[in-house]
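Chains, contacts and geometry: an overview
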Amino acid sequence: MPQALCLSTPSGPCQAGYFCAKGAVSPAPEDGLTGAPCPPGTFCRAYPLDLRPPLSQAMALLPPCVLSCSITQANTMSRWHLLRPPRADHALCMPDLPTKLLLTGFFCRHGAIVPNGSLEDGTSGPCPAGHFCPPGTVTPRPCPAGTYNSLASQGHCESCPEGGTYKPQRGGAQQSDCTPCEPGSYCLLPGLVAVSGPCSAGFHCTQAAAVPNPTDGITGDLCPPGHFCPKGSPKPTPCPPGSGKPFPDGPCSAGYYCPPGQTSATPTSFRCPRGFYCPEGSPQPRACENGTFQPQEAKGSCEPCPAGFYCEASGTGLTAGGPSLCLQGYFCPPGSHSATAHPCPRGTFGPRRGASAELDCELCPAGMFCSSEGLSQPSGLCHSAHYCTGGAVSPTPLKHKVEAPGLSGNDICPPGFFCPRGTGSPMPCLPGSYSSAPGLASEDQCQPCPPGHYCSNPGLSHVPEAELCDAGYICLGGSAVPSPSDGTHGYRCPPGFHCPSGAHSEQPCEPGTFSPLPGADTCLPCPGGTYCQNVATVEPTTCPKGHYCPGGTPSALPCPEGTLNLREGALSPKACQPCPAGRYCPGEGNGQTEGPCSAGYYCEGGASSPTPQRNSAFPLNGPCPRGHYCPQGTLYPVLCPMGTTRSSPGEHLTCTFPPPPSCGPLLLQNPSVSTVDTNSTTEASVCQGFWGSH
């Protein structure tokens, strides 16, 4: 098994025009195993030593050679570039491979070095004129029939121009290689390899005609008078001498057209085509005008376009297929010539095709607006704070009246109402609320009915329209009824208070009045025999003893001093009676006597003190007079017994006997009794005499 010395560097690049595959030992291998001449369609340069394929690509192609470079087969690993080893005990050898560049406009034969080399060696070069070279071309290809190529290095050929040319041969190098259409024929399309056909009868095609019936006077024309032009005529042929007539027999019939040289009024070859009309004496068909159509052949006039359709004329008779259905958003009255001639006006839309009149356009629906003409659907929803009953042209209409049954127009939301987005009709503020301003967008912008009032009707717009709440009730605000009792919008007037009509807060009853039940609109005066001392009195207080209470009094009136009232509920001062005899009633408001009058005083009635003094009202009250004695609680003075006396008035003293020597005219009935006990109610019967008064 041969051994080879492993090179540290390659010997050199592969020769240009060759490629080295595996183990090449020569710069120009021929064996087909280690290399070969560059194959057709590719080129092979001398491989630069500094341009090496990626390491991964080289590893995928070949196994690594061992570091000792022992070669097991001849001509296997002799021409390798030593690269960085993938492992410590291996070195990677890289072959020189052919290069294949896919260049457009060049060809590469066997052994090519570069794609655009000189044509002298015949191995590669730019594609010559009259040819084309797609990528990978080995031999330049001639341009196909109907095409040409006037430039080198091209990957495709140009078509012969439209308008009267064709080219039956391959390999055209100039546009002039495209042959003008021959006389008597026409060439309709570009890139033709043969003429399209013969010129139409009645016409002559001079040269390079692009249509079968030319009328430009250059490529051809109508057959002139005194001549005839059969199909495929290159030029007009004069009529033979003596064969012509000085005048035509008559005009061509309606529905037919007669080019020069016709022998019949109804030439079968010249029936008026669909989409055209041919009145009597027509030399050629006339396209149906705007708003008309003709679906049949051999007609002398066009029919008006029917309602709901449009007929758009074309010089080539494209309306031959019939009328077109009117578009959405438009209407087409009879004779319409355009799809967009009659748009649905603003404020309307046309959802369906085939509308024939403006009445077929639908009014913009409630809550929406149609801002432009020719709409197939509404533009959108009307904005909040506005309403659109129908036919609106703006999302924010103002005083837009619509002349249509049942429509009130479109406008800003009126007072008393609110209009959310897309409102078709204003929505009233609910009972219990109102709105005095226009342009409300939502219900929460409605204001609650003012306190003291109620708003029972929806859509209230002015506060004066709100009525006063019922007497006996409080309306706090937002009430929908005159007598609210839910506690939120109002309640019944509580006891002790009064609530007049339209009250928003209860009023307490004044002293002297009361209100015993809920729902009072006025307070009642306290009845006689009772008094109402405090504000907001619910129940009157019974007049106490020693007092009297006339009706409507805020407090009990006391009986004056010296009087008393033993009963409750007195109505007037007549209930106050003089203090009873023998007793006294001090101060005012006595419901009972204080006690008996003091000894030494007598109380006949109306006494205000235990030691009363005589006055004009009660002249019989006072201190006990001389010669008398007054026990405690006595009603009137008691005369001293006979033989006794009391000289000091008002004192609590007993009657005594005067001294004997000086008794004077004292008459003693019983000298054995010396004194009388004035505290005793029993008269001393032993006193037989007394001194007279002095």
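About the thresholds
- Residues numbered from 1 in each chain as written.
- Predicted model: local features only at pLDDT ≥ 70, side-chain atom pairs only at ≥ 80, totals over all residues.
- Heavy atoms only, no water.
- Helix = DSSP H or I, 4+ residues; strand = E, 2+ residues; numbered from the N terminus.
- Areas by Shrake-Rupley, 256 points an atom, 1.4 Å probe, with all protein chains shown as cover.
- Buried < 20%, exposed > 50% of the residue type's maximum accessible area, 1.4 Å probe, protein only.
- Contact = heavy atoms within 4.5 Å.
- Disulfide = S-S within 2.5 Å.
- Patch = residues over 30% accessible without salt bridge, like charges linked within 9 Å, V, L, I, M, F, W, Y side chains within 5 Å.
- Salt bridge = Lys/Arg side-chain N within 4 Å of Asp/Glu carboxyl O.
- Phe/Tyr/Trp six-rings, centres within 6.5 Å; stacked < 30°, edge-to-face > 60°.
- Polar contact = N/O pair within 3.5 Å; in protein donor to acceptor, adjacent residues only side chain to side chain.
- pLDDT = per-residue confidence, 0-100.

Moving on, we come to the overall build of the protein chain. A tally of helices and strands in the protein chain yields one helix and 55 strands. On the protein chain, roughly 35,800 Å² of surface is accessible, and the fraction owed to carbon and sulfur atoms is 56%.

With that settled, consider the environment of Pro438. Structurally, Pro438 can be placed in the loop between strand 34 (433-434) and strand 35 (447-448). Judged by relative accessible area, which is 47%, Pro438 ranks as partly exposed. Those residues within four positions of Pro438 in sequence are excluded, and the remaining contacts are Cys413, Pro414 and Pro415.

A separate point is the state of the cysteines. Considering all chains together, one arrives at 26 disulfides under this definition. One disulfide in the model links Cys469 with Cys475; its S-S distance is 1.6 Å. Residues Cys469 and Cys475 are joined by a disulfide whose S-S torsion is about -110 degrees; by sign, that bridge is left-handed. Cys475 matches Cys469 in its accessibility class, with the two residues each being buried.

Along the chain, Tyr434 falls in strand 34. For Tyr434, a relative accessible area of 10% translates into the label buried. Beyond its immediate stretch of four places on either side in the chain, Tyr434 contacts Cys429, Cys446, Gln447, Pro448, Cys449, Pro450, Leu460, Ser461 and Val463.

Together, Leu188, Leu189 and Val211 line one region of the surface with nonpolar side chains, adding up to about 240 Å² of accessible area. Note on placement: Val211 falls in the loop between strand 16 (203-205) and strand 17 (220-222).

Within this structure, the stated rule accounts for one aromatic pair. For the pair Tyr257 and Phe270, a centre-to-centre distance of 5.1 Å together with 75 degrees between the ring planes defines the contact as edge-to-face. Here Tyr257, found in the loop between strand 19 (237-238) and strand 20 (276-277), pairs with Phe270, found in the loop between strand 19 and strand 20; they are 13 residues apart in sequence, far enough to count as distant. The same class applies to Tyr257 as to Phe270, namely buried.

Next up on the list: the pattern of salt bridges. Inspection of the entire model under this criterion finds two salt bridges. For Glu297, the salt bridge goes to Arg271, with nearest N and O atoms at 3.4 Å. Here Glu297, found in the loop between strand 22 (292-293) and strand 23 (303-304), pairs with Arg271, found in the loop between strand 19 and strand 20; they are 26 residues apart in sequence, far enough to count as distant. Here Arg271 falls in the partly exposed class, since its relative accessible area comes to 36%. The shortest N-O distance in the salt bridge between Arg352 and Glu362 comes to 2.6 Å.

This brings us to the side chain of Ser282. Structurally, the position occupied by Ser282 is in the loop between strand 20 and strand 21 (286-287). The exposure class assigned to Ser282 is buried, which follows from its relative accessible area of 1%. Among the polar contacts made by the side chain of Ser282, one reaches the main-chain carbonyl oxygen of Pro279 at a distance of 2.5 Å. Residue contacts for Ser282: discarding those within four places in its chain leaves Cys252, Tyr256, Tyr257 and Cys258.

Another aspect to go through is the confidence of the model for the protein chain. Residues at a pLDDT of 70 or more form 77% of the protein chain, whose mean pLDDT is 80. Under a pLDDT of 50 for its full length, residues 661-694 has, in the predicted model, 59 contacts with residues more than four places off or in other chains.

All right, on to the environment of Gln328 then. By secondary structure assignment, the location of Gln328 is in the loop between strand 25 (324-325) and strand 26 (348-349). Gln328 sits in the partly exposed class, given a relative accessible area of 38%. In this structure, the C-alpha to C-alpha distance between Gln328 and Pro351, residues 23 residues apart in sequence, is 5.7 Å. Apart from residues lying up to four places away in sequence, Gln328 is in contact with Gly350, Pro351, Arg352, Arg353 and Ser376. Separated by 2.6 Å, the side chain of Gln328 and the backbone oxygen of Pro351 make a polar contact.

Phi at Ala298 takes a positive value of approximately 55 degrees, unusual for a residue other than glycine. Tracing the sequence through the fold places Ala298 in the loop between strand 22 and strand 23. For Ala385, which is not glycine, the phi torsion reads 75 degrees and is therefore positive. Inspection of the secondary structure puts Ala385 in the loop between strand 29 (380-381) and strand 30 (386-388). We classify Ala385 as buried; its relative accessible area is 13%.

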